[in-house]
Structures are given as C-alpha cells and as structure tokens.
Amino acid sequence: QKEVEQDPGPLSVPEGAIVSLNCTYSNSAFQYFMWYRQYSRKGPELLMYTYSSGNKEDGRFTAQVDKSSKYISLFIRDSQPSDSATYLCASLTGGGADGLTFGKGTHLIIQP
Amino acid sequence: DTAVSQTPKYLVTQMGNDKSIKCEQNLGHDTMYWYKQDSKKFLKIMFSYNNKELIINETVPNRFSPKSPDKAHLNLHINSLELGDSAVYFCASSQDEGAGGYTFGSGTRLTVV
C-alpha cells in the first residue's frame, strides 16, 4: 500500500467554482503536510504547508489536515483557468531525512 | 537568479552510456535531493544529502550515484543507462530537513533509446 493516496483525476470544473482536492495517508509518523502545484513540463511549486492537524489559509487556497482520519485537503475558491495544473499532496516525518512522500497528483482543469 | 537550477534540461542518449546531470542551489539550504518522476507523474525520492550524511532510497540501483562537491551542488551520475531510466529527474533543496517545504528545479527529461 502506497503511503499517500490521491485520486489522479482528471477533475474538470467551471471557472469560479470551489475546488476540493484530497489525499489520504497511512504513515502515522507523518507530521508535516504540503501541497505542490505542477504545471506541464515544470518543477513542483510549493503552495501550502502545515504542521500536524488544523487549517491554513493563503488567499484563495485553504489547506486542512485531520490527523485522526489521516486526511489531507486543499480547497481553491473562485477557481481560475490559470489554476489548471497537477496538484500533489506530500507528507514528511519529523526526522526529514526520509524525504517528502508524494501522492500521485490530481490533474485539475478549470474550464473558462 | 534561479533558486535551484539543473542542466541539461533535456538529455537523449543510448543504452549503455554514462551520463551526468548537474544541480546547483543558491538558497543556502543545507539539504539537497534527487527525485524521479516516472511516466505516470509519480514523484519518488532517490537520494537526500546534507553535509553530514547521504540517505539512499534502497530501491535505487547502484548505477545511480550522487556527487556533492560542495553544499550548493548535488550532481547525479548514471552508469550503463537502461531504457527504464527514461524519466524526468528533479533536484530539490530544503532547510531544516524540509519542514518548510522543498524548492524544486525545473527538471531534466532523460530519454534512453
């Protein structure tokens, strides 16, 4: 079983909609949780990171972590065509030397 | 003033050849990484390295070897290239073991023919 599970999509929504992206994980040692955005033929770009459970908001983006259910979410409000990309969730143990464990990524398409 | 830069961006080579990919970061980070992204877009860590230790993912063949001449550079050497090595290779760096996130380079697309 992969440690971070993510639906690959594609997920297609109309412009202006609220987007919900989700991941589940199995490793209880994960303490840090991140969301990356990757445009085609580019490197992943860090969007949000959180420590342990809770919410974090940055502009149109909100990240949520529920450690009790091992569930990670990213919400995008007022979605724009420029948000079309692959979104990757990632987790990290406290030690850090293991490196980030990524989900497979969800391909998001925002229709104008 | 790119934060993490990799060269070359594209690399096409024949099976059996030996090749290197270079990576440099100007962020002053203390840890650098190599990740492999396969055709299904799955990102998997290959190595993490700081000035104290090298952590190798046990699934990485020993044909792959990282070389770090200094804190700002982590190069990837690949010997006896195989068709299955075709992928996009990303270099990344972080501070404090990555709790604040990693910064990735733009990737090197390796094609073995």
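Look up: the structure comes first, before these words.
Along each chain, residues carry numbers from 1 onward, in the same order as the chain's sequence is written. Whichever chain is written first is A, and whichever ligand is written first is 1; the rest continue in order. Totals for whole chains, interfaces and linings use every residue, but because this is a predicted model, local features are given only for residues with pLDDT of at least 70 and side-chain atom pairs only at 80 or more, for both listing and counting. Hydrogen atoms and water are omitted, and side-chain values are computed over all heavy atoms in the structure.

1. So, the pairing of strand β11 (residues 106-111) of chain A
Residues and elements named next belong to chain A. Worth spelling out the cut-off: Buried, partly exposed and exposed residues are distinguished by accessible area as a fraction of the type maximum, computed with a 1.4 Å probe on protein chains only: under 20%, between the cut-offs, and over 50%, respectively. A run of H or I in DSSP counts as a helix once it spans at least four residues, and a run of E counts as a strand once it spans at least two, with each numbered from the N terminus. Here, strands pair whenever DSSP counts at least two bridges between them.
Here β11 shows a clear split, with Thr106, Leu108 and Ile110 buried on one side and none of His107, Ile109 and Gln111 buried on the other. Bridge analysis of strand β2 (residues 11-14) against β11 gives four bridges, and the strand direction is parallel. By the bridge assignment for β11, Pro14 is matched with Gln111. As judged from the three bridges shared by strand β9 (residues 85-93) and β11, these two strands associate in the antiparallel manner. Residue pairing in the sheet places Tyr87 in a bridge with Thr106 of β11.

2. Description of the interface of chain B and chain A
Test applied: A contact between two residues is defined here by any heavy atoms of the two lying within 4.5 Å. We define a salt bridge as a side-chain nitrogen of Lys or Arg found within 4 Å of a carboxyl oxygen belonging to Asp or Glu. Between N or O atoms, a polar contact is any pair within 3.5 Å; within protein, one atom must be a potential hydrogen donor and the other a potential acceptor, and residues adjacent in sequence are included only when both atoms are from side chains. Residues are grouped as follows: nonpolar covers Ala, Val, Leu, Ile, Met, Phe, Trp, Tyr, Cys and Pro; charged covers Asp, Glu, Lys and Arg; every other residue, Gly included, is treated as polar.
Taken together, the 22 residues of chain B in the interface contact 23 residues of chain A. On inspection of chain B and its partner chain A, the count reaches zero salt bridges. Between chain B and chain A we count four residue pairs in polar contact (both at pLDDT 80 or more) in total. For the side of chain B that touches chain A, the secondary-structure elements that each account for two or more residues are β4 (31-37) and β5 (43-50) of chain B. Here the residues of the side of chain B that touches chain A sort into eleven nonpolar, seven polar and four charged.

3. Notes on the pattern of salt bridges
Residues and elements named next belong to chain B. Taken as a whole and assessed by the stated rule, the structure comprises five salt bridges over all chains. Arg63 is the salt-bridge partner of Glu82, the closest N and O atoms lying 3.5 Å from each other. Here Glu82, found in the loop between β8 (73-78) and β9 (87-94), pairs with Arg63, found in the loop between β6 (54-56) and β7 (64-70); they are 19 residues apart in sequence, far enough to count as distant. Residue classification places Glu82 among the partly exposed residues on the basis of a relative accessible area of 42%. The network of salt bridges with common partners includes Arg63, Glu82 and Asp85.

Interpretation in functional terms is not warranted from these geometric data alone.
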